[in-house]
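One-letter residues, chain by chain:
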Amino acid sequence: MKILPQSLGSRLFLLYAAVLLMALGTGLFLFYRYHLYQRLEDVQATATVLTDVMARTIQESVIIGDYDTVKRMLETVVSQTPFDRAAFIDLSGATILVGAEGQTRGYVPPWLLELLADRLFDVNRVIAAGGQDYGVLRLSFDIATAAEELWGLTKAALGLALASLLLGLTVVRILLMRWLTNLSDLKALEERIRVGELDAQAQLTQDAPLEIRQAIEMVNRTAASLRNQFGQRIDALMDALVQHKNALDQTAIVSEIDGQGRISVVNDLYCDTVGVAREQAVGQAMRSGDAPFLPPDGVWRGDVCTVRGDGSPLWLSRTVVPIYDSARAIEKWICIDVDISAQKQAEEDLRTAYRESQELAKRHLKAILDAVGEGVVIADRNGVILDVNRATVEIFAADRAALVGASLNDLVVSRAAAATAATVASLTGPPPAAAVAGADADGAVAPPTGDASMAGRSHEEVGRRGDGALFPIELALGDLNAVGIPQVIGIIRDITERKKYEETLQLAKEMAEAGSRAKSDFLTTISHEIRTPMNGVLGMLTLLEYEALAPDLRDKVLVARQSAEALLRILDDVLDFSKLEAGRIDIEPEPCDPEAVCESVVHLLRAKAEDKGLTLTSRMLPSVPPLIVADPARLRQILLNLVGNAIKFTSSGYVAVRARRGADLPDGRFMMEFEIEDTGIGISPEAERTLFQRFTQADSTITRRFGGTGLGLAICKDLCRLMGGTIRVDSAPGQGSVFTFTIACRAADSTTVLTVAAVNTGTALPPSLPHSLPHSLPMSPPAPPPGGANGVPSADPALPPLRVLVVDDNEVNRNVAAAMLTRVGHSVAFATNGIEAVDAVMQQPFDLVLMDLQMPEMDGLMATQRIRQMPPPQGTLPIVAFTAHASSGTWATCAEVGMDALATKPVRPKLLFAAMAEAMEKAATRPLAPVPAPTAPDAVLEGLPPH
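Given the structure is predicted, the values throughout are model-derived calculations rather than measurements.

## With respect to the overall build of the protein chain
And step 1. Assigned secondary structure in the protein chain consists of 28 helices and 30 strands.
And step 2. Taking the intrachain contacts of the protein chain between residues at least 6 apart in sequence as the baseline, contacts between residues at least 24 apart amount to 63%.

## Side note on the packing of aromatic side chains
For any pair of aromatic rings, geometry is given as the distance between the ring centres together with the angle between the planes.
And step 1. Evaluation of the coordinates by the stated rule reveals three aromatic pairs.
And step 2. Consider the rings of F396 and F471, whose centres lie 5.6 Å apart with planes at 70 degrees: the pair is edge-to-face. In this pair, F396 sits in helix 11 (residues 390-396) while F471 sits in strand 17 (residues 470-479), placing the two residues 75 residues apart along the sequence.
And step 3. Here F396 falls in the buried class, since its relative accessible area comes to 1%.

## A closer look at the packing of helix 24 (residues 834-843) against helix 25 (residues 860-868)
And step 1. Orientation of helix 24 relative to helix 25, taken along the N-to-C sense of each, is 20 degrees, at an axis distance of 9 Å. Here helix 24 lies roughly parallel to helix 25, going by the angle between them. Considering how the two elements wind past one another, helix 24 and helix 25 form a crossing that is right-handed. Contacts between helix 24 and helix 25 involve G834, V838 and V841 on the former and, on the latter, A863, R866 and I867.
And step 2. In the contact of helix 24 with helix 25, the residues fall into four nonpolar, one polar and one charged.

## Let's talk about the pairing of strand 2 (residues 95-99)
And step 1. Two elements, strand 1 (residues 83-90) and strand 2, share five bridges in a ladder whose sense is antiparallel. Paired with I89 across the two strands is T95, which belongs to strand 2.
And step 2. Counting the residues that bridge the hairpin from strand 1 to strand 2 gives four residues, and of these G93 lies at a positive phi of roughly 95 degrees.

## Quick notes on helix 25
And step 1. A large share of helix 25 lies buried, amounting to seven of its nine residues.
And step 2. Considered for burial, the residues of helix 25 that qualify are G860, L861, A863, T864, Q865, I867 and R868.
And step 3. Structurally, the start of helix 25 carries an N-cap: the backbone nitrogen of L861 is 3.1 Å from a side-chain oxygen of D859.

## A closer look at the pairing of strand 11 (residues 330-339)
And step 1. In the sheet, strand 5 (residues 253-257) pairs with strand 11 via five bridges, with the strands oriented antiparallel. Looking at the pairing, I253 lines up with D337 of strand 11.
And step 2. Examined bridge by bridge, strand 10 (residues 313-324) and strand 11 share nine bridges and lie antiparallel to one another. Opposite R318, over in strand 11, you have D337 as the bridge partner.
And step 3. Linking strand 10 to strand 11, which pair antiparallel, is a turn of five residues; within it R328 sits at a positive phi near 65 degrees.

## Quick notes on the sheet that holds strand 2
And step 1. Ordered in space as 2-1-4-3, the four strands form an open sheet in which the pairing is antiparallel. Two strands close off the open sheet at either side, each with one partner strand: strand 2 and strand 3 (123-129). The average undirected angle you get between the axes of adjacent strands in this sheet is 15 degrees.
And step 2. Bridge analysis of strand 3 against strand 4 (residues 132-141) gives seven bridges, and the strand direction is antiparallel. Residue pairing for strand 4: V126 is matched across the bridge by V136.

## A look at the side chain of H826
And step 1. For H826, the location among the structural elements is in the loop between helix 23 (811-823) and strand 27 (827-831).
And step 2. The class for H826 is buried, based on a relative accessible area of 4%.
And step 3. Leave out the neighbours within four places in its chain, and H826 touches L799, P800, P801, L802, V804, L821 and M916.

Definitions and limits used
- Positions within a chain are numbered from 1, following the residues in the order the chain's sequence is written.
- Per-residue local features are limited, in this predicted model, to residues with pLDDT of at least 70; the limit for side-chain atom pairs, both in listing and counting, is 80 or more; totals at the level of whole chains, interfaces and linings are taken over all residues.
- Just so you know, side-chain values use all the structure's heavy atoms and leave hydrogens and water out.
- Starting at the N terminus, helices and strands are each numbered in turn, a helix being any DSSP run of H or I of at least four residues and a strand any DSSP run of E of at least two.
- Any pair of residues with heavy atoms lying within 4.5 Å of one another is described as a contacting pair.
- Pairs were defined over the aromatic rings of Phe, Tyr and Trp, the Trp ring being its six-membered one, requiring ring centres within 6.5 Å. Orientation was assigned from the angle between planes: stacked under 30 degrees, edge-to-face over 60, tilted for the rest.
- Relative accessibility under 20% of the residue-type maximum defines a buried residue, over 50% an exposed one, and the middle range a partly exposed one, all with a 1.4 Å probe and only protein chains included.
- Angular values range over 0 to 180 degrees, each being the angle between N-to-C directions of two axes fitted as lines to C-alpha atoms, with helices fitted over their stretch in contact.
- Here roughly perpendicular refers to angles of 65 to 115 degrees, roughly parallel to angles under 35, roughly antiparallel to angles over 145, and oblique to all remaining angles.
- When the near helix sits turned anticlockwise from the far one by under a right angle, the crossing is termed left-handed; a clockwise turn instead gives a right-handed crossing.
- Any residue that is not Ala, Val, Leu, Ile, Met, Phe, Trp, Tyr, Cys, Pro, Asp, Glu, Lys or Arg is counted as polar, Gly included; the first ten are nonpolar and the last four charged.
- For two strands to pair, DSSP has to find at least two bridges joining them.
- Counting of polar contacts relies on pairs of N or O atoms within 3.5 Å, with two restrictions inside protein: one atom must be capable of donating a hydrogen and the other of accepting it, and residues adjacent in sequence are counted only when both atoms are side-chain atoms.

Next comes the structure, spelled out in structure tokens:
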């Protein structure tokens, strides 16, 4: 909100009036205040004097009690003094009152009356004589009269102040209007300049104040300076405009069109380009081709085609700009054209060249596609064939005209055709209306199930020739969207001959695999058939060593036993070789202690090393974890082979086994590295290249000197590969060898894993390691005869005499087991199959059963299940599996049907007795509930060869 007036004169007048009013008000207030207080002081002083005089005057009258005289004296005081009331009050309370409270005769402001009443008090004087009080004299002021006097004085002062204010304002207003007349002339100066009087100046009066004179003179100087600058700018703009016009005339065709659409002005370039004289162009309608050009309401840009004066076409890039008058109506148009005829001709030449190049490219592509030996089909987004090459015509035995326009589904008729059609749609975008459907060989329509991931990949389909014959093809689809063409290209290959060749190869492969399986089955069968009599040979030789023999006979028995073990090791190598070749060996990782595995191998082979005077040691570096997850049986097999070879080929010095943790693998596992170092005969560099091949040794003399088949290292290499590692050798002739192999493993979370130290301590193998000992494990030297000098056997100290039922369909195995058991004081009964075993258990009391797995009529698993279904004590009878097959899968099946332990063939007395002790211990805590039958025991034993 604006409070002050807009004009300078009014503001100065208002300022002067406010200042003058404040000055007069302040003076009036000070005058009034002074006069009021001065008046009050005079009245108070007068009242004091009058009171003293009046008190002395009436003192005698009061003493003598002349109250009439007192009353007359009081009336005199009231009538001639500023008091309006007077009273005498004696000691008895009697009062003589004269006068009444005064009243104002005119208007007096109440605030003035209240002010005087607050400041003028009644005057009291005690009348006393001779020390005795006679009464009190009280005089009251006439406040109304005093207020009237003061208010009259105030009104007179206000009137004088208002008169002075009006006179001063009038004088100031007249002077301001005269002085500010010079400023009003500036408005007239603006109007004169606006109408074009550029040299006009503001005029000054003679009595103009200095400040106004200086301001107007400054305005005149500024106006003159601006006039000069404006003139210079106008001249510069005119020069630039002329230059721009000249430049525009040199580069553009400029014409001016009036309000009727006719040409009014043209430049020289217009005449030269169009080929007409200026007089002919002016007044003519602007044209665009054959029709008149209608100027637009706003700015317009575009290309137009018109004709020259000679009739030739003229292409122009035109820009039309409207020019408005002061009323914002279009007065005329400025038309600016650029000759683009050469550009248009170049574009037309390019289009012609492009069409010719396209035709040439099509012909070249046609020739190239026809030269390709494979069929090429180009289809649109709906799968309609647009073109085919010569090879496609030959493959499908149909005319090109019959193929072009047909659907891909007419050529590709397999169940995958729907996926092919959907792939075509996915490559070129969604079809416009109906989805592309595929049809099977019977013509049934199938919904699209394709995937864009099929693009660029070859897949086999079934094609249909022109005569309706079906044949195999290979189809690969490609996307042409990458080059801006919404089409699909298909490469078709007739694979009839290839399919025939593949069928021939598949048949040959199956025959070769059948032959390999037959060979492996044959080797396995032969190995197990030979192992059965070898079990009898080794068992009997072991028993002979416990007899009191002459030294020469004991040596002969020892040689026979060692020869039998060597033959058994050869059979084991052949069996492992056949399994590796057939891919029947599985790696079964489980927690194991690497140090215990190495110590078990060293323990088993230490006697052999000491016989040759060798030092055999084992050392684990600190980086080796206490437990790893690996296949302990295969690890032990590799170590036994390598350490056994090192002892075999070393005549003096030492054999050392070391292990360390190797590099970490990305999947969280790490490599365990084992070294077997010896001081043996060494290996030549030539022999190292073929050392790990099958049936190969360093030279031909090794077989004659040390024996062997040459399969051990090849088996070690295959086992290392299966366990994710490698094997290598560093050696030199006469300087010993260092065999290094690695396996991939991870640290185990479990705690305790029993080791094969049980072989030498008599402790039974844990169920998780029933396959820990290979069949060709060397036999420990027999213990001294358990009886006295005459060799009379006594019971095994770990077991009391037991009644044992031996169940085996092989008489040799039964006799060997019986001989070992009876030697230590056990009694033995026989059964040849599972049915006899079940009957024997039901009819006779036994303490333990040795149960073979594979037997005629009823196998050991079924017999064990039948026994476990019996009530106690038969149902809790200890049963030991007695088999030549020691794998984790076999033991899992045995444990599932309720067997307590596992004893492997060939029979080792200590292992047999340890298994029997373990079974007896388990039977003591066996639950009474029957054990359920296994899911498919026959399937577990189906692949096991006869023993």
